[in-house]
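One-letter residues, chain by chain:
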Amino acid sequence: MGCSPSALLEQIHKGSSASLDKVDKSAIKKPAITTASRTSTVTTTVQVNNMSRASKRGKFLSMPFNPFRGDISRSMLHHRKSSLALTPEEEPLDINRGPNETKYGLISPTPKHHLKLLLVFAHPDPVCDSLSKAADKLGFEITTSNTNIGALDEYQAKSHDLVIVDTRAKNFDNDLLCRSIRNTKGSQHTVIIAIVRKSAFERDDVTIASLLESGFNRCLIETTNVLVCVNELIVLKHCDLRTMAQHATCQAMYTALDKCRDLVIVTDDSYKFQYMNAACERQLGLRQEDTIGKTLQEQLVYDTVQINTMGSSLLRAREWSGPMTLKRKSTQETIVSNCRAVPFSCAGRMPTHFILVFDTNSIDPSNLSQSRGSIHSIRRGSTDVRSIGSDYLRRTSLAKLNALPLEAPITKIVGLIDQIRENVGSNGQLVQLIDKVEDILKGSELYVSHVKEDFRMKTDEPVVSDLITALLSKAPQPTVTASSRRSSNDSSVFRPSRTGLIKVPAAIRDLLDTALMWEFDIFKLEDLTRKRPLQHLGMNLFNHFDVCGALNCDERTLSNWLTVIEANYHAENSYHNSTHAADVMQATAGFLEKERMKSIMEPLDEATSLIAAAAHDLDHPGKSSAFLTNSNNPLAILYNDVTVLESHHAAMTFKLTLGDERVNIFKNLDRDTYKLARHNVIDMILATEMTKHFEHLAKFVNVFCTRSSVGSEIGDQSEDYAPILTAENTTLVKRMMIKCSDVSNPTRPLRLCVEWARRIAEEYFQQTDDEKARGLPVVMPMFDRQCCSIPKSQIGFVDYIINDMFEAWNAFIDMPELLTYMRQNYIRWKEFDEQNHTTLNDIQKLQATILAPSITSSIKSD
Ligand SMILES: Nc1ncnc2c1ncn2[C@@H]1O[C@@H]2COP(=O)(O)O[C@H]2[C@H]1O
């Protein structure tokens, strides 16, 4: 039974402050850094120390309290509490206090002065009565119980601070009750006392040990003396209960430290790490467990001059502040930050520990690119309230800005990532990965820029570099002259065919029977139709997919529409002509035939996909957008150099369609359906813009080709996409479909593939010739008809654009023949390159010999 409090109270009563003054002030314990919890010793010392401080201030003299006179009353006790600080947190604020005297409030589940006591006595007796009276005098809120079950119920309902159990009665299962309370969540903040007979301390009894073993904090000898009970309860309150509250406070403080954005490090007086908060681990890439016992110099601060300067103040027990250079261990990057170093003493007068606080607001902006994780910290502001002034104002306005309702999805994502980062704890590697993810997400070019950089780093083939840069970059260049481009006005006028719907010759009909095969010979159709393949193939496909039904329009209007659309392609373009449009339409139809697409697409989706494919390059001038921009072409002026060609193709489609009722295939649609159809067509045409290639591909892959999106391996055709087929995701599919159709030529049979490669190369050469002739910047200088290696350009095109795209598309739609042809063609291009069949002339010779239609078909039949 603790006896020191009685003695102390006696000393206080006598006012013998001299002897108390000798009590070491530094023995007041703050939340322990390295010292283990020594509850009884520490709390007793705290009490002694507090008393000593109070006595030094001469407050005891005015205190009318004498517990030994037996005249204490609740009002007296309260008076004493309000006028005398018994604990550091009760002391008035002293602005000159040192770090060891920091005022702090204890965190306790119970409001001050209303500690809850549960008395568990099987039978009311004088001991219970005395305890009850004493507790009442001290202002405890008392509950009593005379059964185990009842006591447990009471405890679980009220979470008492103190439970006193009478263990003298033999028929009472104290052990069970104590263990049950200890099994209740939060019971670590409860002190449980056993009342035992005096004899328990007199003989060599196992009772005491077994009680402590089952979870009691102390054993008190039975007494009927109210003053002794008061004495014991005061001791319990100021020792055990206060220690519980200190532990809770300590836990709360460490939580606060881990949540704050400033970096906090505690070292011993030889700079050995003792503690670092989560912000440190995050921003410095260190792990608490790796640093314990290592020095600041080894781990973080390599500048010994800085350490020595700081040390000269700290070792003289003085605070120090100044800039400090920290080095991130993982990356060896450096951060310069303002440091406030505070000496702290756990024992004795001299500092035993140093507390270092690095203000993340002060991190040198020149280091921001290196210490990306800190950008976030700066934006959100530090929780170090001592760094105030203009900084405070800045933080306040930042807080206001953060509160504005500007949240875009990306803002929400970054916010969620912040939360994840704060909750991953001390896993430095994970935090670094999260930082990296956040940095990438914060970039504006989410899908494009890194791919471009990646590509530039990988290729050293100039022709590939020219081609891919021209396709992906949004950089401007010149325009076609009015004379080099056919006036679209001429051809936009619809002149109805006098013969009505075209009669289809047998050869064309036969060929169109294969219209849905991937090997469909579009060039043969071009020949047979005298360069009007779109009209014939288009009508065939429209019929096959019942576009008349979907649009509620007659066949003649559809046919008229095809006529006008085809007439507005430029036959003189070697690549971007109506044969390319027909080819893209044919590929789209092939894709629409696949089960996966049938299960997704509505009739209006099918119709608009075919319409978009047919019109996607309408009125293409045979020059790139860069050329139009460089030459100040009216289209580039109209569309501000942004998505010039695709905007024109889409706008032109609607201009022609709506310009004449005889070609208006949308005329019978209601307003909403028309809006939807128009949106579909425009969205698909715009999706063919190559500068957005990686954006579309990445979005598609993110939704349809990751395990998490479909819950199984890529390519597993048993995947069920139904749950993710939202309207937005169906749009991604349609975009991907038209994109794949648009550049499907490397995945066609070799003869077709080579002819497309020749045609696009020819168109590129023509552009280069024009650029040179007109003194314009040359967009793709390597596409010079004299020296360009067509095989190399095709290998690069597949490597950087086609391969990944078709892998993803095949995984979704299940058309392995796409990959088979692509790979076979790739090998052949490599062979052509090795055999030096590189120039346009060489390729044409190959076409006339080994790739001639008759030869290839005989090779095929062999
Ligand atoms: N086989 C190919 N080789 C090189 N570039 C191609 C090939 N096929 C298509 N392209 C390019 O890819 C682009 C896709 O969009 P466009 O049809 O506007 O223009 C196309 C060409 O510039």
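Residues numbered from 1 in each chain as written. Predicted model: local features only at pLDDT ≥ 70, side-chain atom pairs only at ≥ 80, totals over all residues. Heavy atoms only, no water.

The chain is annotated in an unreviewed UniProt entry as 3',5'-cyclic-AMP phosphodiesterase of Dendroctonus ponderosae. Quoted verbatim from the Sequence similarities (unreviewed entry) field of UniProt, the annotation for the chain is "Belongs to the cyclic nucleotide phosphodiesterase family. PDE8 subfamily." Reading the Cofactor (unreviewed entry) entry of the UniProt record for the chain gives the comment "a divalent metal cation". (UniProt positions renumbered as here; feature names shortened; annotations may be inferred.)

Check the secondary structure of the chain and you find 41 helices and 10 strands. Counting over 862 residues, the chain shows a buried share of 52%. Total accessible area on the chain is roughly 39,400 Å²; 54% of this is exposed by carbon and sulfur atoms. (Helix = DSSP H or I, 4+ residues; strand = E, 2+ residues; numbered from the N terminus. Buried < 20%, exposed > 50% of the residue type's maximum accessible area, 1.4 Å probe, protein only. Areas by Shrake-Rupley, 256 points an atom, 1.4 Å probe, with all protein chains shown as cover.)

Attention shifts here to the site of the ligand. In the vicinity of the ligand, 14 residues are found, and the nearest of them are His576, Asn745, Tyr764, Gln794 and Phe797. Within the side chain of histidine 576, an N or O atom sits 2.8 Å from an oxygen atom of the ligand. One of the side-chain N or O atoms of tyrosine 764 is found 2.6 Å from an oxygen atom in the ligand. Taking 450 Å² as the accessible area of the ligand by itself, protein coverage stands at 95%. In a pocket analysis with a 2 Å cut-off to the grid points, the ligand is assigned to the second largest pocket. Put simply, the parts of the chain that give the shell around the ligand at least two residues each are α20 (462-472), α37 (750-774) and α38 (790-813). (Near = heavy atom within 4 Å. Polar contact = N/O pair within 3.5 Å; in protein donor to acceptor, adjacent residues only side chain to side chain. 1 Å grid on protein atoms, 1.4 Å probe; cavity = no way out; pocket = protein on both sides within 12 Å on 5 of 7 lines; lining within 4 Å. Sits in = over half its atoms within 2 Å of the grid points.)

Another aspect to go through is α37. Counting along an α-helix, one turn takes 3.6 residues, and residues three or four places apart therefore face a common direction. Here α37 is 25 residues long and its end C-alpha atoms lie 36 Å apart, about the 36 Å a rise of 1.5 Å per residue gives. Summarising burial for α37: 20 of the 25 residues are buried, a large majority. Just beyond α37, the residue with positive phi is glycine 775, at close to 70 degrees. (Expected span 1.5 Å × (residues − 1).)

Non-glycine residue lysine 531 carries a positive phi angle of around 65 degrees. Although it is not a glycine, aspartate 814 sits at a positive phi angle of roughly 65 degrees. Here aspartate 814 is to be found in the loop between α38 and α39 (816-834). We classify aspartate 814 as partly exposed; its relative accessible area is 38%.

In terms of nonpolar packing, the biggest core is built from 122 residues, with Leu551, Phe591, Phe666, Phe704, Phe806, Trp809 and Phe812 touching the most fellow members. The dominant element in this core, judged by the number of residues it contributes, is α38, at 13 residues. (Core = buried A, V, L, I, M, F, W, Y, C linked by side-chain atoms within 4.5 Å.)

The tally for this structure, following the rule as stated, stands at 18 aromatic pairs. Measuring from centroid to centroid gives 5.5 Å for tyrosine 575 and tryptophan 756, while their planes differ by 70 degrees, and the two rings are edge-to-face. Note that tyrosine 575 is positioned in the loop between α26 (555-567) and α27 (578-592) and tryptophan 756 in helix α37, a separation of 181 residues in sequence. Here tyrosine 575 and tryptophan 756 have matching classes, each one buried. Cluster of aromatic residues (ring-pair linked, three or more members): Trp518, Phe591, Phe700, Phe704, Trp809 and Phe812. Between the NZ or CZ atom of arginine 596 and the centre of the ring of phenylalanine 812, over which it lies, the distance is 5.5 Å. (Phe/Tyr/Trp six-rings, centres within 6.5 Å; stacked < 30°, edge-to-face > 60°. Lys NZ or Arg CZ within 6 Å of the ring centre and 35° of its normal.)

Take the sheet that holds strand β4 (residues 191-196) next. One open sheet holds the 5 strands; their spatial order is β2-β1-β3-β4-β5, and the pairing between them is parallel. Each edge of the open sheet is held by one strand with a lone partner, namely β2 (141-145) and β5 (218-221). Mean inter-strand twist for the sheet, computed between neighbouring axes without regard to direction, equals 25 degrees. Two elements, β4 and β5, share 4 bridges in a ladder whose sense is parallel. Residue valine 196 lies in a different strand from β5, and its bridge partner there is isoleucine 221. Of the strands in this sheet, β1 (116-120), β2 and β3 (162-166) are in contact with helix α6 (residues 148-158), which crosses β1 at around 170 degrees. Strand contacts of helix α10 (residues 226-259): β3, β4 and β5, with the helix running at about 175 degrees to β5, the strand carrying the most contacts. (Pairing = 2+ DSSP bridges. Axes fitted to C-alpha atoms, helices over the stretch in contact; angles between N-to-C directions. Contact = heavy atoms within 4.5 Å.)

Locating asparagine 668 in the fold gives a position in the loop between α32 (644-658) and α33 (671-686). On the basis of relative accessibility, which here comes to 40%, the residue asparagine 668 falls in the partly exposed class. Between the C-alpha atoms of asparagine 668 and cysteine 553, which are 115 residues apart in sequence, the distance is 6.4 Å. Here asparagine 552 takes part through its backbone oxygen, which lies 2.7 Å from a polar atom of the side chain of asparagine 668.

In this structure, serine 741 sits in helix α36 (residues 727-742). Judged by its relative accessible area of 0%, serine 741 is buried. Apart from residues no more than four positions distant in its own chain, serine 741 is found in contact with Val584, Ala587, Thr588 and Phe591.

On to the layout of surface pockets. Which parts of space are left empty comes out when a probe the size of a water molecule is rolled across the atoms. Empty space within the second largest pocket amounts to approximately 910 Å³. Taken together, 49 residues make up the lining of the second largest pocket; nearest its centre are Ala470, Leu471, Ser624, Ser625 and Met690. Its residues placed into classes, the lining of the second largest pocket shows 20 nonpolar, 19 polar and 10 charged. (Points joined across faces, edges and corners; volume = space filled by probe spheres on them. Nonpolar A, V, L, I, M, F, W, Y, C, P; charged D, E, K, R; others polar.)

In space, the 5 strands of this open sheet follow the order β7-β6-β10-β9-β8, with antiparallel pairing throughout. The open sheet terminates on both sides in strands that have one partner only, identified here as β7 (273-276) and β8 (320-327). In this sheet, adjacent strand axes meet at a mean angle of 30 degrees when their direction is disregarded. Pairing of strand β9 (residues 334-344) with strand β10 (residues 353-359) involves 7 bridges; the strand directions are antiparallel. Each bridged residue has a counterpart across the sheet, and for arginine 340 the counterpart in β10 is valine 357. In this fold helix α14 (residues 304-314) packs onto β8, β9 and β10, with an angle of close to 150 degrees to the strand it touches most, β8.

Here helix α29 (residues 603-615) crosses α33 at 45 degrees, and the two axes come no closer than 9 Å. Relative to α33, the element α29 is oriented oblique. Between α29 and α33 the crossing geometry is right-handed. Facing α29, whose interface residues are Leu604, Asp605, Thr608, Ser609, Ile611, Ala612 and Ala615, α33 presents Thr673, Leu676, Ala677, Asn680, Val681, Met684 and Ile685. Tallied by class, residues from the contact of α29 with α33 come to 9 nonpolar, 4 polar and 1 charged. (Parallel < 35°, antiparallel > 145°, perpendicular 65-115°, else oblique. Left-handed = near helix turned anticlockwise from the far one by under 90°.)

For the coordinates displayed, the defined rule picks out 24 salt bridges. Of the charged contacts in the structure, one is a salt bridge between arginine 168 and aspartate 125, with a shortest N-O distance of 2.6 Å. Of the two residues, arginine 168 is situated in the loop between β3 and α7 (174-182) and aspartate 125 in the loop between β1 and α5 (126-137); the sequence distance between them amounts to 43 residues. Take aspartate 125: its relative accessible area is 23%, and that puts it in the partly exposed class. Between glutamate 695 and lysine 699 there is a salt bridge, with the nearest N and O atoms lying 3.1 Å from each other. Taken together, the residues span about one helical turn, with glutamate 695 and lysine 699 both in helix α34 (residues 693-704) at a distance of 4 residues. For lysine 699, a relative accessible area of 25% corresponds to the partly exposed category. (Salt bridge = Lys/Arg side-chain N within 4 Å of Asp/Glu carboxyl O.)

You can see arginine 735 is positioned in helix α36. Overall, arginine 735 belongs to the buried group, its relative accessible area being 17%. Non-local contacts of arginine 735, meaning those with residues more than four positions away in its chain, are made with Asp683, Ala687 and His696. Within polar-contact distance, the side chain of arginine 735 engages the side chain of aspartate 683 at 2.7 Å.

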